[in-house]
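Chain by chain, the residues run as shown.
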Amino acid sequence: MTAANEPSPLVLVTGASGYIAGHCIRELLEHGYRVRGTVRSLGDSRKTEHLRRMATTLGGALELVEADLTSDRGWREAVAGCTYVQHVASPFPAEVPKDEMELIRPAVDGATRVLEACAETGTVKRVVMTSSVAAVAFGHTDGQSAVRTEADWSKAENCEAYPKSKTLAERATWDFVKALPHERRFELAVINPGFVLGPLLNDDQGTSGELIRKLMMREMPACPEIGFAPVDVRDVALAHRLAMERPEAAGNRYICAGEHIWVQDIAKVLAAEFNPRGYRVPTGRLPYWLMWIIARFDKAVRLALGFVGRTELVSAAKAERELGWMMRPVRESIIDTARTMIEQGVVPAR
Ligand code: NAP
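Reading the values: the criteria
Residues numbered from 1 in each chain as written. Predicted model: local features only at pLDDT ≥ 70, side-chain atom pairs only at ≥ 80, totals over all residues. Heavy atoms only, no water. Buried < 20%, exposed > 50% of the residue type's maximum accessible area, 1.4 Å probe, protein only. Helix = DSSP H or I, 4+ residues; strand = E, 2+ residues; numbered from the N terminus. Contact = heavy atoms within 4.5 Å. 1 Å grid on protein atoms, 1.4 Å probe; cavity = no way out; pocket = protein on both sides within 12 Å on 5 of 7 lines; lining within 4 Å. Points joined across faces, edges and corners; volume = space filled by probe spheres on them. Nonpolar A, V, L, I, M, F, W, Y, C, P; charged D, E, K, R; others polar. Pairing = 2+ DSSP bridges. Polar contact = N/O pair within 3.5 Å; in protein donor to acceptor, adjacent residues only side chain to side chain. Phe/Tyr/Trp six-rings, centres within 6.5 Å; stacked < 30°, edge-to-face > 60°. Lys NZ or Arg CZ within 6 Å of the ring centre and 35° of its normal. Core = buried A, V, L, I, M, F, W, Y, C linked by side-chain atoms within 4.5 Å. Expected span 1.5 Å × (residues − 1). Axes fitted to C-alpha atoms, helices over the stretch in contact; angles between N-to-C directions. Parallel < 35°, antiparallel > 145°, perpendicular 65-115°, else oblique. Near = heavy atom within 4 Å. Areas by Shrake-Rupley, 256 points an atom, 1.4 Å probe, with all protein chains shown as cover.

## Side note on helix α6 (residues 206-216)
Among the eleven residues of α6, nine are classified as buried, and the element is accordingly described as predominantly covered. For α6, the complete set of buried residues consists of S208, G209, E210, L211, I212, R213, K214, L215 and M216. Turning to α6, the residues buried within the fold contact α1 (19-30), β7 (195-197), β8 (227-228), α8 (263-274), α10 (299-305) and α12 (330-343). R218 sits one or two positions beyond α6 and adopts a positive phi of about 50°.

In structure tokens form, the structure reads like this:
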């Protein structure tokens, strides 16, 4: 990667405490990069212990600093001396907030703060931003069965708060970079992951783990008729590194997600693996009328109501072709999510 005796490049990973960012940090440390991670508060050691342990185990150089997307404080210092930035942080709640600006403001203004700091420091060569399939495949009113590609943009005006925040933040990021004067210029690549599954690094299942946790705990009586285009968190981290390293990735967005899978099919994988060990994963189908009733007191189910019967069709062909990226089988991702939930105590061992 670098000539002998030269220090390896320093990479800033924003939102280091998060699920995807933890794997991005691991991927970078395993490949010899030095990493600086931002967290909102260094005081909360529960959110960073696993990262410090990981760095020690890997013998990697990891430093953590404080910066919040809602404040200017700390970003210039965080970016100083970095060759690359992986901007992963953005609010990803399981529920629709009362005020959509709670998500949109940190997503859009936060991205702008990170980019401003990159433009100022002069050392950053490339930023890789974590966007989402939510910025590609949502809010379309034409061709529900169309396979969406990187040429597509979600229609923000038809979207709930989260896909709207991702769409507006990614658009703002491209606009910012395009408008940069020559002397402040750096490159941008964007990763658009689907629904992320795969091993937990700590005991926080986060938003994307919540579905698997609910199934393992039988907190849902049956499976709602919703589905996603899934991807493994380890493969998302790999995509971030490839998009950072490959010269041809500059100026591109890459969808990283596989074929649509229904919740019922996820449940069947879990049931086959874990029910013989004493778990009671439900595999029946939850009728819409019952889901509608549950949604009256469960905000997460209320959010899911809008996605009943919808298939998420996206193509990762560009990432495969240009980055040489490959996704592992989804069965492995599903089982590893649940297995690590048991190991981390999120789901009790049986
Ligand atoms: P996560 O575990 O909730 O991570 C989100 C990270 O963003 C956390 O580190 C969080 O910090 C940080 N964050 C939130 N608000 C912040 C603020 N105001 N200032 C600074 N940091 C803030 O979720 P994730 O799944 O890893 O998501 C990471 C990124 O991937 C997000 O951009 C998300 O939109 C995107 N994504 C996720 C999925 C998925 O299925 N998981 C799919 C596509 C795209 P705290 O720990 O302090 O809360």
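The discussion continues.
## Digging into empty space enclosed by the protein
For the coordinates displayed, the defined rule picks out one cavity of 30 Å³ or more. One number sums up the size of the largest cavity: a volume of about 30 Å³. Lining the largest cavity are H87, A89, S90, A107, A111, M129, T130, K166 and A169. Within the lining of the largest cavity, the residues separate by chemical class into five nonpolar, three polar and one charged.

## So, the pairing of strand β6 (residues 187-193)
Along any regular strand, the residues point their side chains to alternate faces of the sheet. Of all seven residues in β6, six are buried; the element is thus mostly enclosed. Pairing between strand β5 (residues 126-130) and β6: five bridges, direction parallel. Paired with V128 across the bridge in β6 is A189.

## Quick notes on the environment of R184
With respect to the helices and strands, R184 occurs in the loop between α5 (161-178) and β6. The exposure class of R184 is partly exposed, given its relative accessible area of 28%. Linking R184 and G122, residues 62 residues apart in sequence, is a C-alpha distance of 6.6 Å. Ignoring anything within four residues of it in the chain, the contact list for R184 reads E116, A119 and E120. Within the local environment of R184, its side chain forms a polar contact with the side chain of E116, the two groups lying 3.4 Å apart.

## Re the packing of aromatic side chains
For the structure on display, the rule yields five aromatic pairs. Judged by centre distance (6.1 Å) and plane angle (90°), the rings of F274 and Y279 are edge-to-face. Judged by its relative accessible area of 0%, F274 is buried. For Y279, a relative accessible area of 4% corresponds to the buried category. The cationic tip of R171 hangs over the ring face of W153; the distance from NZ or CZ to the ring centre is 4.2 Å. Here K318 stacks its cationic end above the ring of Y254, 5.0 Å away from the centre of that ring.

## Concerning the nonpolar core
Within the largest apolar cluster, 76 residues are counted, with the highest numbers of intra-cluster contacts made by I25, I212, L215, M216, I266, L270 and W325. Beyond its immediate sequence surroundings of up to four residues, M216 is in contact with L270, F274, Y279, V281, A338, I342 and V347. Among the nonpolar cores identified, the runner-up in size contains 32 residues, and V79, C82, V108 and M129 belong to it.

## Here we look at the side chain of R148
Its place among the elements puts R148 in the loop between β5 and α5. When its relative accessible area of 8% is taken as the criterion, R148 is described as buried. Engagement of the side chain of R148 in a polar contact is seen with the backbone oxygen of D142, the distance being 3.0 Å.

## Describing the layout of surface pockets
Empty space within the second largest pocket amounts to approximately 270 Å³. Tallied by class, residues from the lining of the second largest pocket come to seven nonpolar, seven polar and five charged.

## Topic: α8
Relative to the 16 Å expected for twelve residues at 1.5 Å per residue, α8 spans 16 Å between its end C-alpha atoms, a close match to the ideal helical length. Here α8 has its buried residues at V263, I266, A267, V269, L270, A271 and F274.

## With respect to the packing of α6 against α12
In contact at an axis separation of 10 Å, α6 and α12 are set at 70° when each is read in the N-to-C sense. In this view, α6 runs roughly perpendicular relative to α12, as classed from their interaxial angle. Of the residues in α12, those in contact with G209, I212, R213 and M216 of α6 are I334, T337, A338, M341 and I342. For the contact of α6 with α12, a count of residues per class yields six nonpolar, two polar and one charged.

## What to know about the site of the ligand
In the region of the ligand, 26 residues are neighbours, and S17, R40, L69, Y162 and K166 sit closest. Here an oxygen atom of the ligand and a backbone polar atom of G15 are 3.0 Å apart. In the complex, the protein chains occlude 90% of the 890 Å² of accessible area that the ligand would expose alone. The set of elements that each furnish at least two residues to the shell around the ligand consists of α1, α5 and β7. Considering only residue class, the shell around the ligand consists of twelve nonpolar, ten polar and four charged.

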